[in-house]
Amino acid sequence: MTSPENLSIPTNLLPRDGRFGAGPSKVRAAQLDALLADAPHFLGTSHRQSTVKDKVGEVRDGLAALFNLPDGYEVLLGNGGSTAFWDIATFGLIEQHSQHLVFGEFSSKFATAVKAAPHLGDPEVISSEPGTHPQAIARDGIDLYALTHNETSTGVMMPILRPEGSTGLVCVDATSAAGGLIVDPTQFDVYYFAPQKSFASDGGLWIALCSPAAIARIEAIAASGRWTPEFFNLKTALDNSRLNQTYNTPALATIHLLASQISWFNENGGLSFSAGRSSRSAEVLYGWAEASDFATPFVQNSAERSHVIGTIDFTDEIDAALIAKILRANGVVDTEPYRKLGRNQLRIAMFPAIDSEDIAALCASINYIVGSL
Ligand SMILES: *Cc1c(COP(=O)(O)O)cnc(C)c1O
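Note that the structure is a prediction, hence the values are computed from the model and not measured.

Description of the site of the ligand
Neighbouring the ligand are 13 residues; Thr83, Thr152, Asp173, Gln196 and Lys197 lie closest to it. Side-chain polar atom of threonine 175 to a nitrogen atom of the ligand: 3.3 Å apart, as the coordinates give it. In the environment of the ligand, an oxygen atom lies 2.7 Å from a nitrogen or oxygen atom belonging to the side chain of lysine 197. Starting from 380 Å² of accessible surface for the ligand in isolation, the protein chains cover 86%.

Written out as structure tokens, the structure is:
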């Protein structure tokens, strides 16, 4: 008898593209074609010359258009990904006291960085159980509210709104959300992310959409003389970004792939197009799970179920890890759950690059596996 791991899923059921990882995202073939076409005069050329600087300018202008940024908002970028941005914000955005909404692994990390910083006061942390999100509370003395648009470890999304009556900066980790979820830029001061999720590029860069109030904060902290390692200096990043450069050498392919994805979004209608693709996939995935007698959405409140990262629990009789293993053996990869959540679960990305038809095919493939076990 063949072991379940050797189960072969019929080709007509399989997704055309088997990449469902929560990051890096599936990259579209058209992005790679565009990179290959430009490669001979783009890759391997100076990031201080116009060929690359124009591409960075295209990224900055394209993001301003995509997010419909109001006058005075600026697009900053630098090396190190979103993880570096937590340290950058610790040095260059928080005056003294921050408030952090913690509802999973990613949202906890910024709070941890702030707690360890000797130049800042103790942050206020408001937590909630995995699978839910807490609410920010406006308080005197809080100069930065740290929100997370989409908690990638649990598949919970939350609306981005300024806490009523607050005066502090609203600083949003949008790493997995940006491009895949709708946001109103007047509700944030800093919206930061990395290109390897909804923008279907590679990792290593951070990007921050900054309001005039955020720019003023960056300038004020820089002028205060606070010691800051140059690599984490937001004023240095601001000055370089205005010249369409980064402080040190960026990955040129990452910038090119990112620019292609931004153009694809903008040419097809902007954020409503890209977020629409994710929300269509989410309808398919959660609709399937709700109708299933062995799978159910992990997030109870349907309004909080992420459109970019779906978390699906399985009944005790079904081993989700075995399903992920069989899928992987059939070329359908990275559906494993977030390790530390420790649930009998699959986690499925629905970034804009992923076709909703492939989400439907994934559901059909899971049905086939469960029916065969
Ligand atoms: C992926 C992710 C990060 C980490 O991004 P890196 O670019 O790998 O540092 C941070 N926050 C959220 C919400 C994420 O999804």
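More follows now that the structure is in view.
Concerning helix α3 (residues 81-92)
Helix length check: α3, at 12 residues, gives a terminal C-alpha distance of 16 Å against a target of 16 Å (1.5 Å per residue), a fit within 8%. When you tally the buried positions in α3, you get 10 out of 12 residues, the bulk of the element. Those residues of α3 that fall on the buried side of the exposure criterion are Gly81, Ser82, Ala84, Phe85, Trp86, Ile88, Ala89, Thr90, Phe91 and Gly92.

With respect to the sheet that holds strand β12 (residues 345-349)
With antiparallel pairing, the 3 strands of this open sheet are ordered in space as β10-β11-β12. At either end of the open sheet lies a strand with only one pairing partner, and these are β10 (295-297) and β12. Sheet twist, expressed as the mean angle between neighbouring strand axes with direction ignored, is 30°. With 3 bridges joining them, β10 and strand β11 (residues 309-314) adopt antiparallel strand pairing. Counterpart to alanine 295 in the pairing with β11 is phenylalanine 314.

Thoughts on the domain arrangement of the chain
Taken domain by domain, the chain consists of domain 1 (4-27 + 270-372) and domain 2 (44-267). Centre-to-centre, using C-alpha coordinates, domain 1 lies 28 Å away from domain 2. Across the contact, 31 residues belong to domain 1 and 31 residues belong to domain 2. In this assembly, domain 1 packs against domain 2 so that about 2,400 Å² is buried in total across both faces, 64% of it on carbon and sulfur atoms. For domain 1, the biggest contributors to the area lost against domain 2 are Leu271, Glu304 and Tyr338; these three give 24% of the whole. Summed over the shared surface of domain 1 and domain 2, the result is 1 salt bridge. When the shortest N-O distance is used, the salt bridge between lysine 340 and glutamate 105 registers 2.9 Å. Breaking the side of domain 1 that touches domain 2 down by element, the ones donating at least two residues are α8 (271-291) and β11.

Thresholds applied
- Residues numbered from 1 in each chain as written.
- Predicted model: local features only at pLDDT ≥ 70, side-chain atom pairs only at ≥ 80, totals over all residues.
- Heavy atoms only, no water.
- Near = heavy atom within 4 Å.
- Polar contact = N/O pair within 3.5 Å; in protein donor to acceptor, adjacent residues only side chain to side chain.
- Areas by Shrake-Rupley, 256 points an atom, 1.4 Å probe, with all protein chains shown as cover.
- Helix = DSSP H or I, 4+ residues; strand = E, 2+ residues; numbered from the N terminus.
- Expected span 1.5 Å × (residues − 1).
- Buried < 20%, exposed > 50% of the residue type's maximum accessible area, 1.4 Å probe, protein only.
- Pairing = 2+ DSSP bridges.
- Axes fitted to C-alpha atoms, helices over the stretch in contact; angles between N-to-C directions.
- Domains from an automatic or database assignment.
- Contact = heavy atoms within 4.5 Å.
- Buried area = accessible area lost by both parts, 1.4 Å probe.
- Salt bridge = Lys/Arg side-chain N within 4 Å of Asp/Glu carboxyl O.

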